[in-house]
Amino acid sequence: MTRLFAFVTWGAVGASAVFWALRLGVEAPRAPSFTTPVGPAAAMRGDWSRVLGAPPQAGATEDGDADGAVEPAAASRFRLLGVVAPKTPSDRGGVALIAVDDKPARAFRVGAVVDGQTVLLAVHRRGASLGPRDGTATVELELPALPPPATGALPPARAGAMPPPAPMPGMLPRAPAVAAPAPAPPAGDEPPSND
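Rules behind the numbers
- Residues numbered from 1 in each chain as written.
- Predicted model: local features only at pLDDT ≥ 70, side-chain atom pairs only at ≥ 80, totals over all residues.
- Heavy atoms only, no water.
- Core = buried A, V, L, I, M, F, W, Y, C linked by side-chain atoms within 4.5 Å.
- Buried < 20%, exposed > 50% of the residue type's maximum accessible area, 1.4 Å probe, protein only.
- Helix = DSSP H or I, 4+ residues; strand = E, 2+ residues; numbered from the N terminus.
- Contact = heavy atoms within 4.5 Å.
- Patch = residues over 30% accessible without salt bridge, like charges linked within 9 Å, V, L, I, M, F, W, Y side chains within 5 Å.
- Areas by Shrake-Rupley, 256 points an atom, 1.4 Å probe, with all protein chains shown as cover.
- Salt bridge = Lys/Arg side-chain N within 4 Å of Asp/Glu carboxyl O.
- pLDDT = per-residue confidence, 0-100.
- Pairing = 2+ DSSP bridges.

**Comments concerning the nonpolar core**
Right, so step 1: Core analysis: the largest hydrophobic core is formed by 14 residues, its most contacted members being Phe78, Ile98, Val114, Leu120 and Leu130.
Right, so step 2: If you list the elements that add at least two residues to this core, you get β1 (78–84), β2 (95–100), β5 (118–124), β6 (127–132) and β7 (139–142).
Right, so step 3: Per-element tally for this core: the top contributor is β2, with three residues.
Right, so step 4: Setting aside its immediate chain neighbours within four residues, Leu120 contacts Ala96, Ile98, Phe108, Arg109, Val110, Gly111, Ala112, Val114, Ala128, Ser129 and Leu130.

What follows is the structure, encoded as structure tokens:
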């Protein structure tokens, strides 16, 4: 019993020593030299009444300034991410993947309302047309150009220049290739002698 009590006591002393050594030996992380502290004067400001549910005031923007900016162009509000176009242009089908006002993209079929009165009018191989229902296209969206394909040539292989690949963990090593022995001549024929 005395040995058990001594073991528990010395174990507690050792654990305490390790705890305090780790606690005192570690210093707090420091901020990089290029950072600047932020005070309450630099904090973000905004209209708290909108956060609490009050409707926005007419003629005011999010910053609280008078509305002097013009609404962005309709084409800049839409971003085309992909199309599923029909095989022939005469087909009236297709689907376009469009993001509106930097929101997550959604798939729209031809004829579906994209935003407000704007409808997906047509889909072609690299783009889509938007406009009012039964009207002409007011916005033409095009997919971004594809990057050029990566091309190149492999260097010619030299005999014995590259070692065989290392075996993967858990796989058996590859057995070395052994040349097959030459076939033995038929029993009745003797090889010609050079005497």
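**Focus on a nonpolar patch on the surface**
Right, so step 1: Together, Met1, Leu4, Phe7 and Val8 line one region of the surface with nonpolar side chains, adding up to about 530 Å² of accessible area.
Right, so step 2: Secondary-structure assignment places Val8 in helix α1 (residues 2–25).

**Considerations on the confidence of the model for the chain**
Right, so step 1: Across the chain, the average pLDDT comes to 75, with 60% of residues at 70 or higher.
Right, so step 2: Of the regions scoring below 50 in pLDDT, residues 60–71 engages in six contacts with residues more than four places distant in sequence or in other chains.

**Observations concerning the pairing of β5**
Right, so step 1: Among the seven residues of β5, five are classified as buried, and the element is accordingly described as predominantly covered.
Right, so step 2: In the sheet, strand β4 (residues 113–115) pairs with β5 via two bridges, with the strands oriented antiparallel. Within β5, the position partnered with Val113 by the bridge is Val119.
Right, so step 3: Counting the residues that bridge the hairpin from β4 to β5 gives two residues, and of these Gly116 lies at a positive phi of roughly 60°.
Right, so step 4: The sheet contact formed by β5 and β6 spans six bridges and is antiparallel. Paired with His124 across the strands is Gly127, a residue of β6.
Right, so step 5: The turn linking β5 back onto β6 is made up of two residues.

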